[in-house]
Amino acid sequence: MKTKTERKPAIWFVVGSQHLYGPAALKEVEADSKIVAEGLNAAGFPLPIILKPMVTRADEITAFCKEANYDDDCLGVITWMHTFSPAKMWATGLKLLEKPMLQLHTQLSPELPWDKINMDFMNLHQTAHGGREFGHISARLKKPFSVAVGHWKEERVTRKVDLWMRVCLAINESRNLKVARFGDNMRDVAVTEGDKVEALIRLGFTVDAFTSNDLAEVLAAVTDEEVKATVADYEKRYILTDVVRAGGSARGNLEDSARLEVALRRFLEQGGYRAFTTNFEALSGLKQLPGLAAQRLMADGYGFGAEGDWKTSALTRILKVMGQGREGGASFMEDYTYHFGPEGDLNLGAHMLEVCPTLAGKTKPVLDVQPLGIGGKEAPARLLFSCRSGPAVNVGIMDLGGRFRIVINEIDVIEPPHDLPKLPVARAVWKYRPDFETGVAAWIVAGGGHHTVLSLSLTAEHIRTFADELGLECLVIGSKTDLDSFKNELRWNDLYYRDR
Ligand code: MN
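Residues numbered from 1 in each chain as written. Predicted model: local features only at pLDDT ≥ 70, side-chain atom pairs only at ≥ 80, totals over all residues. Heavy atoms only, no water.

Visitor: Please set out the coordination of the manganese ion residue by residue, giving values where relevant.
Guide: Note on the manganese ion: its protein donors are Glu307 (OE), Glu334 (OE), His351 (NE2) and His451 (NE2). The metal-donor distances range over 2.1 to 2.2 Å. Sequence spacing among the residues donating to the manganese ion works out to E-x26-E-x16-H-x99-H. Residue Glu307 is located in the loop between β10 (303-305) and α12 (310-322), and its partner Glu334 is located in strand β11 (residues 330-341); the two are separated by 27 residues in the primary sequence. Residue classification places Glu307 among the buried positions, given a relative accessible area of 7%. (Donors = N, O, S within 2.8 Å, 3.2 Å for Na, K, Ca; no water. Helix = DSSP H or I, 4+ residues; strand = E, 2+ residues; numbered from the N terminus. Buried < 20%, exposed > 50% of the residue type's maximum accessible area, 1.4 Å probe, protein only.)

As structure tokens, then:
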């Protein structure tokens, strides 16, 4: 097992061919593969592409697939059938391959040399032919895979490769993720529950239970210097209200919150956890609900779920990894309250505290302490801001008993049409697609929960590809959704996903 610093995650690129046209043709295939691999790497994807030796025989292909499975640094495999690679050679290897696969269906040169083209050219550049043979065996094996179609320099191809690589990163994260939960699920709530063993089998992540007292032990060892440094960081990054400034009436609560953040960060780092949950009903040993700490940890890439919602916590982390380096941000979110008015039918999304400041865009959040009506603890610290506007997705993951279901709603986050001077939480105001009535009704008949991950950096296609690769049910509610067809999709899916 490699340590974290030794790891060099990459995508492996393999080109399939055969010996039918002699060694000269194979030499050309190899040379062309180098050009395409170098060209793709120059496009600046989130992972480097490593060109592996060309494969021309079944034993080579099987060995390649085994090696890809075994190597932790291989996060996915791109295949290209430059000439023709009879697919019976691929059957055994592809049956074994457990890494995500993208079939690159491309050709070296964009245009045909119309006046020069002869049978040698046709035989060498026959992706149109070879890619179909390859696709056939993948389809027959029911292997989930993606296809990028077009000339390899075109935006439609590089966009697809980028999208698929992000899915590879997300799958790798999901398979290595550990979620820490402090307390169980909120009592009586159904949708945040689920089968953690099945989540391990299907998505790969593990969920470990702790109590808030475990956190309180770490909390006791946090030094005053650490608290001071954390508060200084708050002062640098946020606009502090009067009550939390030095000498303010709630300065002590802010320091308690900083102490909690240091402890939580330490606990997660020491245990190798990249996602966590809290529950306002289970705060024994803590002075306040970790609100600001959850916000700041999310901003640093941690997954978070409130009320014990480990599924949404894991999904937050996975989608943050998927969207890394892209404009936008992602956060734990909740559909909270509606506005039916002249501005259109809107949703005001928020949570009692925990909205990630990556959604704030260029706005500097306000740092405040205000009482929390539930949980029976002291007034917690929180960052206040309105989410930046733009197209976004709201993503939910549910356990239906027989399977996991991912539901995506395409939404448009807008500037709040009015000020919200009394609202003591960060918030996002959005419109549902295709329209309020259809979008909300579809979400409800799909059993979608109130907790979601809101991402401004990803599209429905990103998440759908992730679900497809893992064989998870995925429903998209977007501009094209028609409620009757959507209900039929639910019925068909019940047949298709009869068991896990
Ligand atoms: Mn909630």
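From this point on, the discussion continues.
Visitor: Explain the pairing of strand β3 (residues 74-81) to me, using residue names and the numbers behind them.
Guide: Buried residues dominate β3, accounting for eight of its eight residues. Pairing between strand β1 (residues 10-16) and β3: seven bridges, direction parallel. Residue pairing for β3: Gly16 is matched across the bridge by Met81. Viewed along the sheet, the connection from β3 through helix α3 (residues 88-96) into strand β4 (residues 101-105) turns out right-handed. (Pairing = 2+ DSSP bridges. Right-handed = clockwise from strand over helix to strand, strands pointing away.)

Visitor: Pulling in residues and values, what's your account of the nonpolar core?
Guide: In this structure, Leu254, Phe276, Leu367 and Leu454 are the most contacted members of the largest nonpolar core, which totals 63 residues. Counting residues per element, this core draws most heavily on helix α10 (residues 251-271), at eight residues. Those residues within four positions of Leu367 in sequence are excluded, and the remaining contacts are Tyr234, Tyr238, Ile239, Leu240, Thr241, Val244, Leu254, Leu292, Ala381, Arg382 and Leu383. (Core = buried A, V, L, I, M, F, W, Y, C linked by side-chain atoms within 4.5 Å. Contact = heavy atoms within 4.5 Å.)

Visitor: Tell me what's going on with the pairing of strand β15 (residues 390-399), and back it up with residues and numbers.
Guide: The side chains of a regular strand alternate, first on one face of the sheet and then on the other. A large share of β15 lies buried, amounting to nine of its 10 residues. As paired elements, β15 and strand β16 (residues 404-414) share 10 bridges and run antiparallel to each other. In the sheet register, Ile397 faces β16, and the bridge partner there is Ile406. The turn joining β15 and β16, which pair antiparallel and follow one another in sequence, is formed by four residues; a positive phi near 95 degrees is taken by Gly401.

Visitor: Before we move on, can you summarise helix α13 (residues 436-445) with the specific residues and values?
Guide: For an α-helix, 3.6 residues make a turn, and residues three or four places apart therefore share a direction. For α13, every residue scored as buried is listed here: Phe436, Thr438, Gly439, Val440, Ala442 and Trp443. If you check the start of α13, you find a side-chain oxygen 3.1 Å away from the backbone N of Glu437, and it comes from Asp435. Count one or two residues on from α13 and you reach Gly447, which has phi positive near 75 degrees. (Polar contact = N/O pair within 3.5 Å; in protein donor to acceptor, adjacent residues only side chain to side chain.)

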